[in-house]
Protein chains: 2
Amino acid sequence: MPSNRKQHLVETALKLFYQEGFHSTGIDKILAASGVAKMTLYKHFPSKDDLIRAVLEERDKRFREWFFGRVEELGNGPQEKLVAVFDVLTEWIQGDDFRGCMFINAAAEFSSKNDAISQVASDHKVLMCEFLDGLVKDAGYSNPETLSYQLALLVEGAIVIGHVCGDKEAGAKAKEAALVLMAGA
Amino acid sequence: MPSNRKQHLVETALKLFYQEGFHSTGIDKILAASGVAKMTLYKHFPSKDDLIRAVLEERDKRFREWFFGRVEELGNGPQEKLVAVFDVLTEWIQGDDFRGCMFINAAAEFSSKNDAISQVASDHKVLMCEFLDGLVKDAGYSNPETLSYQLALLVEGAIVIGHVCGDKEAGAKAKEAALVLMAGA
DNA sequence: CACCAAATATACAGACCTGTCTGTTTAGCA
DNA sequence: TGCTAAACAGACAGGTCTGTATATTTGGTG
């Protein structure tokens, strides 16, 4: 095992940043939790910001992999997959470790002047929207961009209400709304 | 003028916390920007957390006052007011100083272990939902709770996408979706 | 075994942050 | 004018944070 230290650092930081936030999680806490030496961290990541960016990119990769994969598992046709999006969303929100969307949280913590981090957050949301857009197009709706954007609004709304208000039913309620919008489109 | 210092502190902190985040804004920055002495701050607020709570409570008060008032201005009947919600939302998102919802941002920055701050954020969202619920009931919809929750999802979704992706049209697009949901209810 | 690169422990610099302490100045009011 | 309470300036304590320097230990490979 060559340098799985780097991966291990990202892993640990991912968990801590998500659970406690970026500013609240100091480098030392990540080092203690991972059992890695400080010099090793700074060899792989020139600064904390670089580590944060790496963590966000990893999170984006994993989350989309999980989310998209789960949607494919649950839904058979394109129409069913579209509905499954909201079942997967519900699964996520109802999970014990749910603490909102890491990218929304990052955008909240880093003002827009931190372009690099804000950009990763924005990119993630764009990729999520594009996934929805693909499903809507596959399902053959007219005006697909309109519908997919509207479904994205519901997804983001459910994440926020699920997090801020702790409403575990936010995903299920978003699903109901989505069905209305899909029926009307 | 006796103790408008306290109010002035809240004012300055409100602006800085919203623009740059809570952790990124140090006490000293607030003092420098407001021209108030440190001892004065700590006389009125025992800790930074107390100041943050006071700021959030003030923000909640002002924001709802502005938002609700603006909705009343723009809409005549209950139905029109419901639509106006999304016009006011759009106004907000399109404003130059828009940096998302301060309560979503607070919830992101303070993990749920900080009960007091998370509670203020949750309370704010509940009050916003109740406002929507009142409008929906006035408009005479059946299943008002269902519709008002769905509209709330759209509102929160638009705030998030408007912030994270910088999409100034998020409010207008949420309005379209709202009209579909209202027509289907 | 010997070598070498990687990772380690640990101390430290320097910045910043919250919160306190001390003494001075201001401003309203009798 | 003189009293009083509030706000002031500014130094300081104590902690935490990021990032660096140094010297030691590990672990894989010839």
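For the structure, see preceding data.
This report concerns the structure included in the present document. Note that this is a predicted model, so its numbers are computed, not measured.

**Structural notes on the overall build of chain A**
Now for step 1: Tallying secondary structure elements over chain A gives nine helices and zero strands in all.
Now for step 2: Taken from N to C terminus, the helices and strands of chain A fall in the order α-α-α-α-α-α-α-α-α.
Now for step 3: Across its three principal directions, the C-alpha atoms of chain A cover 55 × 35 × 30 Å.
Now for step 4: Put simply, 66% of the contacts in chain A that link residues at least 6 apart link residues at least 24 apart.
Now for step 5: By element, 52% of the accessible surface of chain A is carried by carbon and sulfur atoms, the whole surface being about 8000 Å².
Now for step 6: Measuring between centres, the 21 positive side-chain charges of chain A sit 7 Å from its 27 negative side-chain charges.

**Re unusual backbone geometry**
Now for step 1: Even without being a glycine, Asn143(A) presents a positive backbone phi close to 55°.
Now for step 2: As for its placement among the helices and strands, Asn143(A) is situated in the loop between α7 (115-138) and α8 (144-164).

**Considerations on the interface of chain A and chain B**
Now for step 1: With 39 residues of chain A in contact, the opposing surface of chain B contributes 39 residues.
Now for step 2: On the chain A side of the contact with chain B, Tyr149(A), Leu153(A) and Val164(A) bury the most area, a combined 19% of that side's loss.
Now for step 3: Across the chain A-chain B interface, the total number found is zero salt bridges.
Now for step 4: The tally of links from chain A across to chain B stands at six residue pairs in polar contact (both at pLDDT 80 or more).
Now for step 5: Considering every element that reaches the side of chain A that touches chain B, the biggest residue donor is α8(A), with 13 residues.
Now for step 6: When its residues are assigned to classes, the side of chain A that touches chain B shows 19 nonpolar, eleven polar and nine charged.

**Description of the pattern of salt bridges**
Residue and element names in this part refer to chain A.
Now for step 1: The full count for this structure, using the stated rule, is 28 salt bridges over all chains.
Now for step 2: Across the pair Arg 62 and Glu 58 runs a salt bridge whose closest N-O atoms are separated by 2.8 Å. Separated by four residues within a single helix, Arg 62 and Glu 58 lie in helix α4 (residues 48-74), roughly one turn from each other.
Now for step 3: The exposure class of Arg 62 is partly exposed, given its relative accessible area of 29%.
Now for step 4: Judged by its relative accessible area of 14%, Glu 58 is buried.

**Overview of the relation of the copies chain A and chain B**
Now for step 1: For the match of chain A to chain B, the screw axis carries a shift of 0.0 Å, the RMSD comes to 0.0 Å, and the turn is 180°. Put plainly, the chains are arranged around a two-fold axis. Among all C-alpha atoms of chain A, that of Gly157(A) lies closest to the rotation axis, at 2.0 Å.

**Looking at the packing of aromatic side chains**
Now for step 1: A complete count under the given rule lists 18 aromatic pairs over all chains for this structure.
Now for step 2: By way of ring pairs, the aromatic residues Phe63(A), Trp66(A), Phe67(A), Phe68(A), Trp92(A), Phe98(A) and Phe131(A) are connected into one cluster.
Now for step 3: Directly above the aromatic system of Phe45(A) lies the positively charged group of Lys6(A), at a separation of 5.5 Å from the ring centroid.
Now for step 4: The ring of Tyr149(B) has Lys173(A) lying over it, and the distance from NZ or CZ to the ring centre is 4.1 Å.

**Structural notes on the packing of helix α6 (residues 102-109) of chain A against helix α6 (residues 102-109) of chain B**
Now for step 1: Taken N-terminus to C-terminus, the directions of α6(A) and α6(B) make an angle of 105°; their axes are 8 Å apart at the nearest point. It follows from the interaxial angle that α6(A) and α6(B) lie roughly perpendicular. In contact with Ile104(A), Asn105(A), Ala108(A) and Glu109(A) of α6(A), α6(B) contributes Ile104(B), Asn105(B), Ala108(B) and Glu109(B).
Now for step 2: Split into classes, the residues belonging to the contact of α6(A) with α6(B) amount to four nonpolar, two polar and two charged.

**Some thoughts on the protein's contact with DNA strand D**
Now for step 1: Within the structure, DNA strand D sits among 17 residues, and Ile27(A), Lys38(A), Lys48(A), Ala37(B) and Thr40(B) are positioned closest to it.
Now for step 2: For DNA strand D, the fraction of protein-proximal atoms (within 4 Å) that sit in sugar or phosphate groups is 56%.
Now for step 3: A distance of 3.1 Å separates a phosphate oxygen of DNA strand D from a polar side-chain atom of Tyr42(A).
Now for step 4: At the level of secondary structure, the elements contributing two or more residues to the surface near DNA strand D comprise α2 (27-34) and α3 (38-44) of chain A together with α3 (38-44) of chain B.
Now for step 5: The class makeup of the residues in the surface near DNA strand D is seven nonpolar, five polar and five charged.

**Details of the protein's contact with DNA strand C**
Now for step 1: Around DNA strand C sit 16 residues in total, of which Thr40(A), Ile27(B), Lys38(B), Met39(B) and Lys48(B) are the nearest.
Now for step 2: Per the 4 Å cut-off to the protein, sugar and phosphate atoms form 54% of the nearby atoms of DNA strand C.
Now for step 3: At a separation of 3.4 Å, a phosphate oxygen of DNA strand C approaches a polar side-chain atom of Arg5(A).
Now for step 4: One nitrogen or oxygen atom from the main chain of Ile27(B) is found 2.6 Å from a phosphate oxygen belonging to DNA strand C.
Now for step 5: Counting only elements with at least two residues in the surface near DNA strand C, the list comes to α3 of chain A together with α2 (27-34) and α3 of chain B.

What counts, and where the lines are drawn
Residues numbered from 1 in each chain as written. Chains lettered and ligands numbered in written order. Predicted model: local features only at pLDDT ≥ 70, side-chain atom pairs only at ≥ 80, totals over all residues. Heavy atoms only, no water. Helix = DSSP H or I, 4+ residues; strand = E, 2+ residues; numbered from the N terminus. Contact = heavy atoms within 4.5 Å. Areas by Shrake-Rupley, 256 points an atom, 1.4 Å probe, with all protein chains shown as cover. Lys, Arg positive; Asp, Glu negative; His and termini not counted. Charge placed at Lys NZ, Arg CZ, Asp CG, Glu CD. Buried area = accessible area lost by both parts, 1.4 Å probe. Salt bridge = Lys/Arg side-chain N within 4 Å of Asp/Glu carboxyl O. Polar contact = N/O pair within 3.5 Å; in protein donor to acceptor, adjacent residues only side chain to side chain. Nonpolar A, V, L, I, M, F, W, Y, C, P; charged D, E, K, R; others polar. Buried < 20%, exposed > 50% of the residue type's maximum accessible area, 1.4 Å probe, protein only. Least-squares fit on C-alpha atoms with pLDDT ≥ 70 in both. Phe/Tyr/Trp six-rings, centres within 6.5 Å; stacked < 30°, edge-to-face > 60°. Lys NZ or Arg CZ within 6 Å of the ring centre and 35° of its normal. Axes fitted to C-alpha atoms, helices over the stretch in contact; angles between N-to-C directions. Parallel < 35°, antiparallel > 145°, perpendicular 65-115°, else oblique. Near = heavy atom within 4 Å.

The analysis is restricted to geometry; functional conclusions fall outside its scope.
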